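A structural walkthrough
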Amino acid sequence: MFESLSAKFQGAFSSLRSKGRLKPSDIDEITSEIRSALLDSDVALSVVDFFIEELKVRTNEVLADLNKSTNPANAVFEIVNSLLVEILGGSARRIRYAKKPPTVILLTGLQGAGKTSLAGKLANYLKAQGNTPLLIASDLQRPNAVTQLQVVGESIGVPVFAPEPGNGVGDPVKVAKAGLKFAEDKLHNIVIVDTAGRLGLDAQLMEQAKQIRDAVSPDEVLYVVDAMVGQDAVRTAQAFQDGVGFDAIVLTKLDGDARGGAALSITQVTGKPIMFAATGEKVTDFDLFYPDRMASRILGLGDIQTLAEQAKGAFDSDTAAKLESKFASGEDFTLDDFLAQLEAMKKMGSMTKLLGMMPGANSGAMKKQLEQFDEGELVKTQSIVQSMTPLERNDPKVLNGSRRMRIANGSGRQVSDVNSLVERFSQAQKVMKQMRTGKGGMQLPPGMAMPPGMPKQPAPKVVNKKKSRSGNPAKRAIES
Ligand SMILES: Nc1nc2c(ncn2[C@@H]2O[C@H](COP(=O)(O)OP(=O)(O)OP(=O)(O)O)[C@@H](O)[C@H]2O)c(=O)[nH]1
Ligand SMILES: [Mg+2]
């Protein structure tokens, strides 16, 4: 998902980086490229207008400073990053539990949005957190909707409250109420109410959802939306907001390859945060949504924090301890550490998904690699790093042209592959450094040593105000 948006952003920045000092016309150019990238990806016009207006204001405010910074293009990049984080809701939001259990979560959304699947994914996640969820089948519209939820419930070991079989069409509002009573009696601390969807918006659907809402007084109404739906997504979300109201959004089908920009617009348009993301049909294809991590992915920096959390189990304790002390002492994350990550990842399943979180995953060389992923490709990526000397891995700045050529030859890759790897790596490294020194603070997963991918807070407008170490900013961009 978001590959084309990501590729366009990266293309725009790659040409900006080649410019060194920036003139107002360069800013105009990148602004217009970003505008068309957003529009082409189906981002809602109002959101594009906001984004571009803010981008112009923020870059203008700091244009003089931009050219004093070590890397003017990166300063613009940071502004775009912070704007992306902003339209995605700023900070992550999690479920608010009721003071007096059960916490009631109501799922709404169009037909086929992924509500029933999400009910299972969410219940599975909450159960793993030590909760005792109950699923309530309040979709009595489709004949097999109840059975679908029962099958999901059974597969994850979560009970499902459903109307007695043979009860005809039944009344979903009564089922919801009875289910809630059942949960109170049986001391379930969370209930998840699955409701019926319709193909399009209709008054009856809204009315039924409203009645269920009023019957169970949910603590959280989640609006489930298929991220593959195009521009209609925003209009439909607004209609649901007016009709039923919701507290947060769940994006599903993020594993698809549609443009997805409309889904990215819903938060800005409705003012509601995205809480979860579904990335496949399996019950475990479920992630908490982090605006900063998503922005990081879209900008081609990958999602090293999620990667780190998932790779946690794959690191042996020695490597983990080494990385932990390294991170604590403020030492740079090096290509050797990167190599250790790759080795650890090899021990895990779903390599494509994991690699998709790597810096540059959506850029030319690596995107192709992902699409045609096989174990041999991973070995080649590793071989680029392995073809480097210890000095080069520790300090990629020494990688001049002839060293890069030697590495390309040694690893059987192109120099451009080496360049791309080094460039993405050093960008990610910088962000990690900002994380460590930044005000926002940082939370590592318990026992985990890996540096995270992006700041928790939106990045400051211009983060890089240091004087250029090299006189020529373009040269610095290549050097770094
Ligand atoms: N690839 C992919 N498929 C998904 C995802 N979430 C749901 N699906 C599939 O989408 C289809 C519809 O999902 P459901 O959960 O039944 O959708 P629903 O909103 O409950 O639909 P109705 O009950 O008809 O309103 C199913 O085939 C799911 O397996 C996802 O994140 N990725
Ligand atoms: Mg359903």
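**Some points on the overall build of the protein chain**
Secondary structure assignment for the protein chain yields 22 helices and 8 strands. For the protein chain, long-range pairs separated by at least 24 residues make up 77% of all intrachain contacts whose partners lie at least 6 apart in sequence.

**Side note on the packing of helix α1 (residues 3-17) against helix α2 (residues 24-40)**
In the contact formed by α1 and α2, the axes pass within 9 Å of each other and the chain directions differ by 170°. Here α1 is positioned roughly antiparallel relative to α2, judged by the angle of their axes. Contacts from Leu5, Lys8, Phe9, Ala12 and Leu16 in α1 reach Asp26, Ile30, Glu33, Ile34 and Ala37 in α2. Taken together, the residues of the contact of α1 with α2 break down into 7 nonpolar, no polar and 3 charged.

**Quick word on the nonpolar core**
Grouped together as the largest cluster of nonpolar side chains are 101 residues, with contacts concentrated most on Leu135, Ile192, Val193 and Val225. When residues of this core are assigned to their parent elements, the largest contribution, 10 residues, is made by helix α5 (residues 72-87). Of the residues that make up this core, three or more belong to each of domain 1 (3-87) and domain 2 (103-289). Not counting chain neighbours up to four residues away, the residues in contact with valine 193 comprise Val104, Ile105, Leu106, Leu107, Ile136, Ser138, Ala176, Ile212 and Val216. The next biggest cluster of nonpolar side chains, apart from the first, holds 11 residues, and it includes Leu335, Val418, Leu421 and Val422.

**Points about the packing of helix α8 (residues 172-185) against helix α9 (residues 203-216)**
Put simply, α8 and α9 touch, their axes get as near as 9 Å, and they point 25° apart. Considered as vectors, α8 and α9 are oriented roughly parallel to each other. Helix-helix and strand crossings are classified by hand; for α8 and α9 the assignment is right-handed. Mapping the contact onto sequence places Pro172, Val173, Ala176, Lys177 and Leu180 in α8 and Gln208, Gln211, Ile212, Ala215 and Val216 in α9.

**A few points about the site of ligand 1**
Surveying the vicinity of ligand 1 reveals 21 residues, the closest of which are Gly114, Thr116, Ser117, Gly197 and Ala278. At 3 residues, helix α6 (residues 115-128) tops the list of elements feeding residues into the shell around ligand 1. For the shell around ligand 1, the per-class residue count stands at 4 nonpolar, 10 polar and 7 charged.

**Topic: the sheet that holds strand β4 (residues 190-195)**
With mixed pairing, the 8 strands of this open sheet are ordered in space as β3-β2-β4-β1-β5-β6-β7-β8. Only two strands of the sheet have a single neighbouring strand rather than two, namely β3 (160-161) and β8 (286-288). Where α6 meets the sheet, it contacts β1 (103-108), β2 (133-138), β4, β5 (220-226), β6 (248-252), β7 (274-278) and β8, and its direction lies at approximately 170° from that of β4. This element, helix α11 (residues 261-270), spans β5, β6 and β7 of the sheet and lies at about 175° to β6.

**Concerning the environment of proline 159**
Looking at where proline 159 falls in the secondary structure, it is placed in the loop between α7 (145-156) and β3. Judged by the 18 C-beta atoms lying within 10 Å of it, proline 159 falls in the partly exposed class. Residues proline 159 and histidine 188, spaced 29 residues apart in sequence, show a C-alpha to C-alpha distance of 9.8 Å. Dropping the residues within four chain positions of it, proline 159 is found in contact with Leu134 and Gly153.

**Details of the pairing of β2**
Counting buried residues in β2 gives 6 out of 6 residues, a clear majority hidden from the surface. Of the two faces of β2, the one holding Pro133, Leu135 and Ala137 and the one holding Leu134, Ile136 and Ser138 are both buried throughout. Where β2 and β4 come together, 6 bridges link them in parallel fashion. Across the sheet, leucine 135 pairs through a bridge with isoleucine 192, a residue of β4. Pairing of β2 with β3 involves 2 bridges; the strand directions are parallel.

The rules we used
- Residues numbered from 1 in each chain as written.
- Chains lettered and ligands numbered in written order.
- Predicted model: local features only at pLDDT ≥ 70, side-chain atom pairs only at ≥ 80, totals over all residues.
- Helix = DSSP H or I, 4+ residues; strand = E, 2+ residues; numbered from the N terminus.
- Contact = placed C-beta atoms within 7 Å.
- Axes fitted to C-alpha atoms, helices over the stretch in contact; angles between N-to-C directions.
- Parallel < 35°, antiparallel > 145°, perpendicular 65-115°, else oblique.
- Nonpolar A, V, L, I, M, F, W, Y, C, P; charged D, E, K, R; others polar.
- Core = buried A, V, L, I, M, F, W, Y, C linked by C-beta atoms within 7 Å.
- Buried ≥ 20, exposed ≤ 12 C-beta atoms within 10 Å, placed from the backbone.
- Domains from an automatic or database assignment.
- Left-handed = near helix turned anticlockwise from the far one by under 90°.
- Near = placed C-beta within 6 Å.
- Pairing = 2+ DSSP bridges.

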